[in-house]
Amino acid sequence: MNYTQDNDKLYRYLFQNRAVRGEWVRLNQTFTDTLNTHHYPKAVQNLLGEMMVATNLLTATLKFNGNITVQIQGDGPLKLALVNGNDQQQIRALARVQGDIQDGMSLHDMIGKGVLVITIAPTEGERYQGVIGLDKPTITECLEDYFVRSEQLQTQLIIRTGEYEGKPVSAGMLLQIMPDGQGTPEDFEHLTTLAATVKDEELFGLPAEELLYRLYHEEVVEVFEPQAVSFFCGCSPERSGAALLLIPEAEIDEILEEHKGSIDMQCECCGTHYFFNKEAIDKLKQAQ
């Protein structure tokens, strides 16, 4: 049966008798839109899908206006994997590959020596950055470790990436003890044991409420209104023009001559092209 009503949505829910909260998100079109302008190796696609789901879930745990960036930097063939999301659940992602990456490559094989950096930038208030060593085998386990270290909250993440009905899909669940201190380790272990039984086809294909009922039919679960998730790059002619003006003037003139009077500024994230000729660049300089 084809369920699409909960694609590209994030749900929050509470266990009434357990002092544990949860989130569930599934990315379909959002994931496709992110991959559309790139030809990443399969292993990189899967990693970006995991990071996108993790960013959605992480953003939803924090009640603030602003954005979160989750990035991996390393010295392996995958130099950078970056996902940025905001409180509106608008998300974008990109990767930089320099070298050969085979299907099924592990995180450490792709990254080499690297770190996971989480940057939280509220619209109001102080910016926070956490740097985590990639000493676990998966991004999911690294992020669980981050929650325990930074927020002292027991957290379980289940993230799966694959295909459903011929299209790329990434989905995941988060369970976390409530920060009010009333949740018990026994309650948390009970719920995470049930969550671990979830099948890929359930995460990828079922509506949120049916999925939660299958997993927790003996629990009282309060499910809140979902939030739509979407791909949003945020690039613009103005931002591309501002980036262009950071290039020395002599170098701009050389590029114009080499490319027959027009400079193509392509957005690395979404692939949109912005073209600037000499007249347009002069106007940009005058507007500074």
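Throughout this description, residue numbers start from 1 for each chain and increase along the sequence as written. Reporting of local features is limited, given that this is a predicted model, to residues whose pLDDT is at least 70; pairs of side-chain atoms are given and counted only at 80 or more, and all residues count toward the totals for whole chains, interfaces and linings. Hydrogen atoms and water are omitted, and side-chain values are computed over all heavy atoms in the structure.

The name recorded for the protein in an unreviewed UniProt entry is 33 kDa chaperonin, from Haemophilus parainfluenzae HK2019. UniProt positions are given in the numbering used here, feature names are shortened, and annotations may be inferred rather than shown by experiment. Listed in UniProt under the heading Subcellular location (unreviewed entry), the comment for the protein reads: "Cytoplasm". Reading the Function (unreviewed entry) entry of the UniProt record for the protein gives the comment "Redox regulated molecular chaperone. Protects both thermally unfolding and oxidatively damaged proteins from irreversible aggregation. Plays an important role in the bacterial defense system toward oxidative stress."

K.L.:
Kindly report on the pattern of salt bridges, identifying the contributing residues and their values.
P.N.:
Basic side-chain nitrogens of Lys or Arg form a salt bridge, by our definition, when they fall within 4 Å of a carboxyl oxygen of Asp or Glu. Going through the model one piece at a time under the given rule, you end up with nine salt bridges. Notably, a salt bridge pairs Lys278 with Asp282, separated by 3.2 Å at the nearest N-O pair. Pair noted here: Lys278 and Asp282 are both in helix H10 (residues 278-287), with a separation of four residues, about one helical turn. For Lys278, a relative accessible area of 41% corresponds to the partly exposed category. What you see here is one network of salt bridges that share partners, running through Arg18, Asp187 and Glu219. Segments assigned H or I by DSSP are reported as helices when at least four residues long, segments assigned E as strands when at least two residues long, and all are numbered from the N terminus. In this scheme, a residue with accessible area under 20% of its type's maximum is buried, one over 50% is exposed, and one in between is partly exposed, where area comes from a 1.4 Å probe on protein chains only.

K.L.:
Please give an account of helix H5 (residues 185-195) that cites residues and values.
P.N.:
Among the residues of H5, those classed as buried are Asp187, Phe188, Leu191, Thr192 and Ala195. The buried residues of H5 all sit within an arc of 120 degrees when viewed along its axis, so they share a single face. Opposite the buried face of H5, at more than 90 degrees from it, the exposed residues are Glu186 and Glu189. Any two residues whose heavy atoms approach within 4.5 Å are treated as being in contact. Along its buried surface, H5 packs onto strand E1 (9-15), strand E2 (20-27), strand E8 (155-164), strand E9 (167-177) and helix H7 (208-216). Here, the arc refers to the directions that run from the helix axis to the C-beta atoms.

K.L.:
Help me get a handle on the nonpolar core, residues and values and all.
P.N.:
Counting 52 residues, the largest nonpolar core has Leu47, Ile72, Leu78, Leu116 and Ile118 as its most contacted members. Looking at this core, the element that brings in the most residues is helix H2 (residues 42-61), giving 11 residues. As used in this record, nonpolar core signifies buried Ala, Val, Leu, Ile, Met, Phe, Trp, Tyr and Cys residues forming a set joined through side-chain atoms within 4.5 Å. In terms of nonpolar packing, the next biggest core, distinct from the first, is built from 24 residues, Trp24, Ala171, Val198 and Leu215 among them.

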